[in-house]
Amino acid sequence: MNNSSLSIKNIYKTFEQSHINTTLFTNLSYTFKQGSSYAIMGASGIGKSTLLHMLAGLEQPSAGTILLNNLCLSKIPLEQKIPILQQSIGLVFQQPLLIPELTVIENIVLKSIIDKGATQQDIKKAKNLLQEVGLLEKAYCMPHLLSGGQQQRIALLRAIFKPPQFLLADEPTGNLDISTGNDVLQLLLQYQKKYHIGLIVSTHDKNIAQNMDYILEVKNQQIFEALKT
């Protein structure tokens, strides 16, 4: 069983807003391990989403390095980095961000469509996943016909269709009611264990945090492991 790592080393992150420089992180280092789950908590605007975006390669640190299995992502040309990230990292956001012109099942097999075109085996696998989450009858629906909770489940299936080493989820239940949010949480944990994924979730929800192996609190431009209650 693989035990990959996703590490941040001596990360600094600053940005300019209204001609004022703001620092989110200073000399930040931490290593996330495949197979473990992490909750990232902290006040709004403190940098939780920015941290996830940097880990996903969507945003660059001002200084420092991000390592995937000791491979320095910042030193790899973009055309080489994109396929590495697509294979190794899955993403789920607060908004499902499904492609409205594609059916539910086409959204799930999107990576295959982009890569080589979806095969019958891909379609069968996607239908099995839909069966697992109780949405098989929605396979050929358009996304706008689904509820918010249904759309978020489809976004999760898209992220794990080709199981990544790490799944990054940015407030994945932020727009859902308590019951639906708990359903999505249980699916996240189910697939994390099934596929031995490193799960990193930014959240304000203490219930989600308590279900993770580690709770990380962002404060004073650093992250600290917090004690679970």
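Small disclaimer: the values here were computed from a predicted structure and weren't measured. (Residues numbered from 1 in each chain as written. Predicted model: local features only at pLDDT ≥ 70, side-chain atom pairs only at ≥ 80, totals over all residues. Heavy atoms only, no water.)

Peer 1: How should I be thinking about the pairing of strand 2 (residues 20–33) in this particular structure?
Peer 2: Moving residue by residue along a regular strand, the side chains alternate between the two faces of the sheet. Taken together, the ten bridges between strand 1 (residues 5–17) and strand 2 define a ladder with antiparallel strand orientation. Each bridged residue has a counterpart across the sheet, and for Glu16 the counterpart in strand 2 is Asn21. Hairpin connection between strand 1 and strand 2: a loop of two residues separates the two successive antiparallel strands, and Ser18 in this loop has a positive phi of roughly 55°. (Pairing = 2+ DSSP bridges. Helix = DSSP H or I, 4+ residues; strand = E, 2+ residues; numbered from the N terminus.)

Peer 1: Looking at this structure, how should I read the sheet that holds strand 5 (residues 71–72)?
Peer 2: Strand pairing in a sheet relies on backbone hydrogen bonds, with the paired strands running either antiparallel or parallel. Here we have four strands laid out as an open sheet, ordered 2-1-4-5, and antiparallel in their pairing. Strand pairing shows two members of the sheet lacking a second neighbour, strand 2 and strand 5, which therefore form its edges. When strand 1 meets strand 4 (residues 63–68), the two strands line up antiparallel, connected through five bridges. Along strand 4, the bridge assignment pairs Tyr12 with Ala63.

Peer 1: Could you clarify how one ought to interpret the environment of Leu98 in this entry?
Peer 2: Looking at the element boundaries, Leu98 is found in the loop between strand 6 (89–92) and helix 3 (104–108). Taking the C-alpha atoms as reference points, Leu98 and Ile154, separated by 56 residues in sequence, lie 8.0 Å from one another.

Peer 1: What should I look at first to understand the packing of aromatic side chains in this one?
Peer 2: Remark: the centre distance and the inter-plane angle together describe each pair of aromatic rings, the angle taken between the planes. With the rule as written, the count across this model stands at five aromatic pairs. Judged by centre distance (6.2 Å) and plane angle (90°), the ring pair of Tyr30 and Tyr38 falls under edge-to-face. Judged by relative accessible area, which is 15%, Tyr30 ranks as buried. Looking at Tyr38, the relative accessible area reads 2%, which means it is buried. Ring geometry for Tyr38 versus Tyr214: centroids 5.2 Å apart, planes at 20°, classification stacked. Taken together, the residues span a long stretch of sequence, with Tyr38 in strand 3 (residues 37–41) and Tyr214 in strand 9 (residues 214–219) at a distance of 176 residues. According to the relative accessible area criterion, Tyr214 is partly exposed, its value standing at 34%. In this structure an aromatic cluster arises from ring pairing among Tyr30, Phe32, Tyr38 and Tyr214. Over the ring of Phe224 we find Lys219, and its NZ or CZ is 5.7 Å from the ring centre. (Phe/Tyr/Trp six-rings, centres within 6.5 Å; stacked < 30°, edge-to-face > 60°. Buried < 20%, exposed > 50% of the residue type's maximum accessible area, 1.4 Å probe, protein only. Lys NZ or Arg CZ within 6 Å of the ring centre and 35° of its normal.)

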